[in-house]
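Breakdown of the fold
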Amino acid sequence: MRYDGDARIDGVPGFAAPIPIDFLDIAGSTCGSLLPTGNALDVVDGVAITCIDNGMPVVCLLASDVGLTGYEDPSAIEADLEACRLVESLRLKAGLMMNLGDVSSMTVPKMSLLAKPEHGGVVTTRTFIPKRVHEAIGVFGAVSVARRGWCPARWPTRSPGFTTCRAHHLADRAPYGYFDITMDVSTRTIRFGQLAALLRTARVLMRGVVYVPRAILEYQ
């Protein structure tokens, strides 16, 4: 097996051989369908949201719709009590719409604020899990956000075919990292979400020799 290559993951030093991790048939794994409300776009209390479940129930909305830029650091967002109350109100209502019931004591759906990228990539994200704002984005959360990008509702959009969504997340108002999701966005897979893949790398972490005493071998 070869371990050398030019693939890299933000936050992990160096380069290594790429390994795509495929997620198949994960649409609706919690809520029953890719778009639990049946719509690519819903409006709740005057805010446009996309409720999506592509491995993780997520509610996507534009940061600007709750009075934020999407580039604030987590502590600044959490200090904005009005914005946080609005996000949580939307989360509770979206939970009912997504067939999750009362989500007041649940960690789903995650709330993902989207903003246009200023440092490359396709979209910049800030994610509430469920009420704290995280600096990064989780695997299935990223897969759901990426899938949302190809639903016919506002930006970002891409043409059908295999393509990569590069989600950019932040820390302390500076570029922090990117999360790449590759997916098939043909008409059929937009509906059913059959394939999404993320990039991991093959690395040798350790190599050694285990010495077993002769007495143990003879006993066996």
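Residues numbered from 1 in each chain as written. Predicted model: local features only at pLDDT ≥ 70, side-chain atom pairs only at ≥ 80, totals over all residues. Heavy atoms only, no water.

Re the environment of Met106
- Looking at the secondary structure, you find Met106 in the loop between α2 (81–97) and β5 (110–115).
- In this structure the C-alpha to C-alpha distance between Met106 and Ile129, which are 23 residues apart in sequence, comes to 9.8 Å.
- Ignoring any residue separated from it by four or fewer positions in sequence, one finds Met106 in contact with Arg91, Leu100 and Pro130. (Helix = DSSP H or I, 4+ residues; strand = E, 2+ residues; numbered from the N terminus. Contact = heavy atoms within 4.5 Å.)

Focus: the pairing of strand β4 (residues 57–62)
- The element β4 is extensively covered by neighbouring structure, given that six of its six residues are classed as buried.
- Every second residue of β4 is oriented toward a common face, with Pro57, Val59 and Leu61 on one face and Val58, Cys60 and Leu62 on the other, all of them buried.
- Alignment of strand β3 (residues 47–53) against β4, held across four bridges, turns out to be antiparallel. Bridged to Asp53 within β4 is Pro57. (Buried < 20%, exposed > 50% of the residue type's maximum accessible area, 1.4 Å probe, protein only. Pairing = 2+ DSSP bridges.)

Digging into the nonpolar core
- In this structure, Ile49, Val59, Leu61, Leu113 and Phe128 are the most contacted members of the largest nonpolar core, which totals 24 residues.
- If you list the elements that add at least two residues to this core, you get β3, β4, α2 and β5.
- No other element matches the five residues that α2 contributes to this core.
- For Ile49, the residues in contact, after removing those within four places along its chain, are Ala40, Leu41, Asp42, Val44, Val59, Cys60, Leu61 and Ala94.
- Among the nonpolar cores identified, the runner-up in size contains 17 residues, and Phe23, Ile26, Val58 and Ile181 belong to it. (Core = buried A, V, L, I, M, F, W, Y, C linked by side-chain atoms within 4.5 Å.)

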